[in-house]
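Close look at the chain arrangement
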Amino acid sequence: MSRVKELILLLFAIYFVGGFCDEKNQSEIKFEDGSSFLNKDSCFCQIDAGQLEDCSCTTEKISHFNNQIHDKLVKVLHGDYFRYFQVNFHKECKFWDDRDGQCGSRNCAVDTCPHDSVPDHVKHHKDDIHKKDSESTPAKDHTIMEFIQEKYHEFLPMVEPLVVMWHDFASSYLPPYLQPAAPCLEDPLPQYSKVDTSLSGAPVDLINQFCTLDPFESTEGCNYIDLIKNEEKYTGYQGKSAGRIWGKIYGDLCFAPKEGSSVSDLCLEEKTFYRIISGLHSSITVHLCSKYLLQQENPLMGRPAVWGRNKQEFLKRFDPKLTGNKGPEWLKNMFYLYLVELRAIGKAGSVLLSQDYKDSDISSQVQELVQAATQFKYHFDENDLFKSDELKKGELFSEFKQKFREISHLMDCMGCERCKVWGKLQVTGIGTALKILFTPTEDLRLTRHEVVALVNAFGRVSTSLMELEEFRD
Ligand code: FAD
């Protein structure tokens with residue numbers, strides 16, 4: 001009986017919320033081409049409905065928090081430490097031949113920085129990513145033999161040829177009990193970045209298992225991009241090339257629900273992965289709608305290009321009627337992404353505060369940001385995911401890492417330079433956030449590249465939430 005009551009209450013709630021949304025959305029907007037869409041509120045009613053599923057937070061609390069920190073975040077991102085990001089434009093697409101999908105529009109191009117325009121402290125930054133012995137193991141009394149062994153390893157490269165000759169001689173002419181033990185020539189791996197042997201095949205980056213890091217894969221191929229001068233905006237990149245990338249992500253790489261099923265059919269870990277990706281997609285879409293090319297430039301008439309918000313484009317991409325009722329859920333996924341990155345910034349607080357930003361204003365703003373992130377009460381809780389040690393060692397966690405890594409490789413297939421820069425930056429930022437959430441804090445080390453990507457990626461989704469308010473008005 002109580003089941004029946006619950007069902008009636010549930011149906012009533014669905015009817016009430018649905019009816020409320022519908023009623024609000026009866027007036028239609030007519031566009032120049034004659035098409036019409038529901039009132040913009042239809043995109044927002046589900047967002048305003050409040051509680052985010054599987055989490056203790058509401059969209060309203062997140063927006064309120066975001067309003068308080070957004071300006072600070074923007075200032076931080078204007079600092080030299082954060083505004084230069086390295087990209088290797090020459091990495092090959094490993095999924096398909098991508099030569100057919102290059103975007104020819106000038107809006108797809110970016111200006112790379114001439115070498116001497118990048119501040120020295122950015123160019124010559126050295127990442128201290130290796131764990132110091134004193135940090136990783138408790139101090140211990142060294143025996144004389146250990147001291148000699150240590151020194152032996154230190155000087156090994158210089159005396160290596162002599163050592164090799166000695167070894168050859170000893171192993172050929174001396175009896176076994178007088179032969180020296182073979183030295184270990186390899187540096188030990190930093191403890192936090194052990195190779196996960198459950199990942200299959202392909203070479204695994206030692207520093208970040210969730211995504212590739214361009215500057216660590218090639219020393220010559222990377223360009224610096226000034227992110228402030230090359231903003232994320234509408235580029236016109238679309239059609240087969242862009243569609244193939246999103247298609248590969250949703251078809252293969254993000255646990256997206258299959259035809260005929262829904263997000264609620266996924267397990268929590270899969271749902272989280274899917275929501276993060278969908279949130280990223282929405283955030284990219286919001287940006288291209290808010291920095292849209294409203295009017296082409298006309299040099300003959302002396303008319304510059306006009307850029308600005310395009311509300312119609314926004315509605316076209318998120319209206320429930322045109323998206324099989326999914327648009328509002330896609331927008332809601334940006335709030336999940338926000339929570340994941342915010343939690344990572346809070347958790348990596350001590351690492352972020354230990355960076356040398358070479359600018360006291362930036363250092364103190366980062367400090368305020370970290371403090372705010374730490375104090376936020378309704379954090380995404382990574383402990384709900386992969387709850388047991390078994391799950392952490394299991395196939396799903398490996399798949400989680402591997403799929404995200406594949407998505408980061410997929411960014412090499414983009415036929416639009418500007419989209420590639422911002423795509424790589426945001427995917428690296430999310431990959432770094434995931435690394436932070438699943439690495440014990442005491443073992444966490446971040447490179448400058450990861451810090452820049454993380455904070456900028458958070459800046460992107462923070463701006464998207466601010467833009468949502470503008471599209472609502
Ligand atoms: P798309 O946005 O291509 O979406 C394809 C399909 O995915 C939709 O039909 C829908 O079924 C589904 N979908 C849409 N949104 C979501 C969501 N949030 N969650 C789940 N499913 C969804 N263009 C620019 O102008 N500027 C950029 O900076 C830019 N950056 C890009 C970065 C990346 C990584 C990629 C892959 C593309 C980028 N693009 C950019 C292109 C842009 O994302 C669109 O692909 C393009 O505008 C064409 O849009 P569309 O209407 O065909 O739908």
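1. Points about the nonpolar core
Phe82 and Phe314 are the most contacted members of the largest nonpolar core, which totals 105 residues. Counting residues per element, this core draws most heavily on helix α12 (residues 327-347), which supplies 11 residues. Residues contacting Phe82, with those up to four places away along its chain left out, are Val76, Leu77, Leu227, Tyr357, Ile362, Val366, Val451, Val452, Val455 and Asn456. Counting 5 residues, the second-largest nonpolar core is a separate cluster that includes Cys113, Val118, Val122 and Tyr224.

2. Examining the site of the ligand
In the neighbourhood of the ligand, 22 residues make up the surrounding shell, with Lys233, Thr235, Ser278, His281 and Ser282 lying closest. Trp246 has a polar side-chain atom sitting 3.1 Å from an oxygen atom of the ligand. For the ligand, a nitrogen atom lies 3.3 Å from a polar atom in the side chain of Tyr250. In the complex, the protein chains occlude 78% of the 950 Å² of accessible area that the ligand would expose alone. Of all the secondary structure elements, the ones that give two or more residues to the shell around the ligand are α9 (239-253) and α10 (268-290). Among the elements that take part in the shell around the ligand, α10 stands out by supplying 6 residues, more than any other.

3. A few points about the state of the cysteines
Tallying each qualifying case throughout the model produces 3 disulfides. Covalent S-S linkage joins Cys103 and Cys108, the inter-sulfur distance amounting to 1.9 Å. Taking the torsion about the sulfur-sulfur bond, which here is approximately 80°, the covalent link between Cys103 and Cys108 counts as right-handed. Take Cys103: its relative accessible area is 22%, and that puts it in the partly exposed class.

4. Focus on the packing of α9 against helix α16 (residues 395-410)
The axes of two packed helices give the description: the angle between them and the distance between them. It is the contact of α9 with α16, at a shortest axis distance of 11 Å, that shows an interaxial angle of 170°. Taken together, α9 and α16 sit at an angle that is classed as roughly antiparallel. Contacts between α9 and α16 involve Ile245, Lys248, Ile249, Asp252 and Leu253 from the first element and Lys403, Glu406, Ile407 and Leu410 from the second. Residues of the contact of α9 with α16, tallied by class, amount to 5 nonpolar, no polar and 4 charged.

5. Re the confidence of the model for the protein
Summing up the model confidence of the protein, the mean pLDDT is 81 and the portion of residues at 70 or higher is 72%. In the predicted structure, residues 131-143 sits below a pLDDT of 50 and forms 10 contacts with residues beyond four places in sequence or in another chain. In the model, residues 180-204 has pLDDT below 50 throughout and makes 40 contacts with residues more than four positions away in sequence or in other chains.

6. Focus on α10
Under the 1.5 Å per step criterion, the end-to-end length of α10 is 32 Å for 23 residues, consistent within 8% with the ideal 33 Å. Across the 23 residues of α10, 19 count as buried, placing the element largely inside the fold.

7. Some remarks on the side chain of Glu382
Relative to the assigned elements, Glu382 resides in the loop between α14 (360-375) and α15 (389-393). In this structure Glu382 comes out as buried when scored by relative accessible area, which is 5%. There is a polar contact of 2.8 Å between the side chain of Glu382 and the side chain of Arg343.

8. Overview of the environment of Leu352
If you trace the backbone, Leu352 turns up in helix α13 (residues 349-353). Given the relative accessible area of 2%, Leu352 is considered buried. Spatially, the C-alpha atom of Leu352 lies 9.6 Å from that of Arg448, the residues being 96 residues apart in sequence. Apart from residues no more than four positions distant in its own chain, Leu352 is found in contact with Ile345, Tyr357, Val366, Val370 and Val451.

9. Notes on unusual backbone geometry
Even without glycine at this site, Phe255 takes up a positive phi of about 60°. Its identity as a non-glycine residue notwithstanding, Phe386 has a phi of 40°, on the positive side. Within the secondary structure, Phe386 sits in the loop between α14 and α15. Phe386 gets classed as buried once you look at its relative accessible area, which sits at 0%.

10. Details of helix α3 (residues 59-78)
Taking 1.5 Å of rise per residue, 20 residues should cover 28 Å, and α3 covers 27 Å from first to last C-alpha, within 8% of that figure. A maximum bend of about 45° is found in α3 at Ile69. By the burial criterion, the buried members of α3 are Thr59, Ile62, Ser63, Phe65, Asn66, Ile69, His70, Leu73, Val76 and Leu77.

11. Side note on the pattern of salt bridges
A complete count under the given rule lists 24 salt bridges for this structure. Linking Glu406 and Lys94 is a salt bridge whose minimum nitrogen-to-oxygen distance equals 2.8 Å. Linking Glu406 in helix α16 with Lys94 in the loop between β3 (84-88) and α5 (120-123), this pair joins segments that are 312 residues apart in sequence. By relative accessible area, which is 45% here, Lys94 ends up partly exposed. Lys358 serves as the salt-bridge partner of Asp356, at 2.9 Å between the closest nitrogen and oxygen. On the accessibility criterion, Asp356 (45% relative accessible area) is partly exposed. Owing to a relative accessible area of 55%, Lys358 belongs among the exposed residues under this scheme. Salt bridges sharing common partners tie together Glu53, Asp54, Lys271, Arg275 and Lys332.

Parameters at a glance
Residues numbered from 1 in each chain as written. Predicted model: local features only at pLDDT ≥ 70, side-chain atom pairs only at ≥ 80, totals over all residues. Heavy atoms only, no water. Core = buried A, V, L, I, M, F, W, Y, C linked by side-chain atoms within 4.5 Å. Buried < 20%, exposed > 50% of the residue type's maximum accessible area, 1.4 Å probe, protein only. Helix = DSSP H or I, 4+ residues; strand = E, 2+ residues; numbered from the N terminus. Contact = heavy atoms within 4.5 Å. Near = heavy atom within 4 Å. Polar contact = N/O pair within 3.5 Å; in protein donor to acceptor, adjacent residues only side chain to side chain. Areas by Shrake-Rupley, 256 points an atom, 1.4 Å probe, with all protein chains shown as cover. Disulfide = S-S within 2.5 Å. Axes fitted to C-alpha atoms, helices over the stretch in contact; angles between N-to-C directions. Parallel < 35°, antiparallel > 145°, perpendicular 65-115°, else oblique. Nonpolar A, V, L, I, M, F, W, Y, C, P; charged D, E, K, R; others polar. pLDDT = per-residue confidence, 0-100. Expected span 1.5 Å × (residues − 1). Bend = angle between axes of the 7 residues up to and from the residue. Salt bridge = Lys/Arg side-chain N within 4 Å of Asp/Glu carboxyl O.

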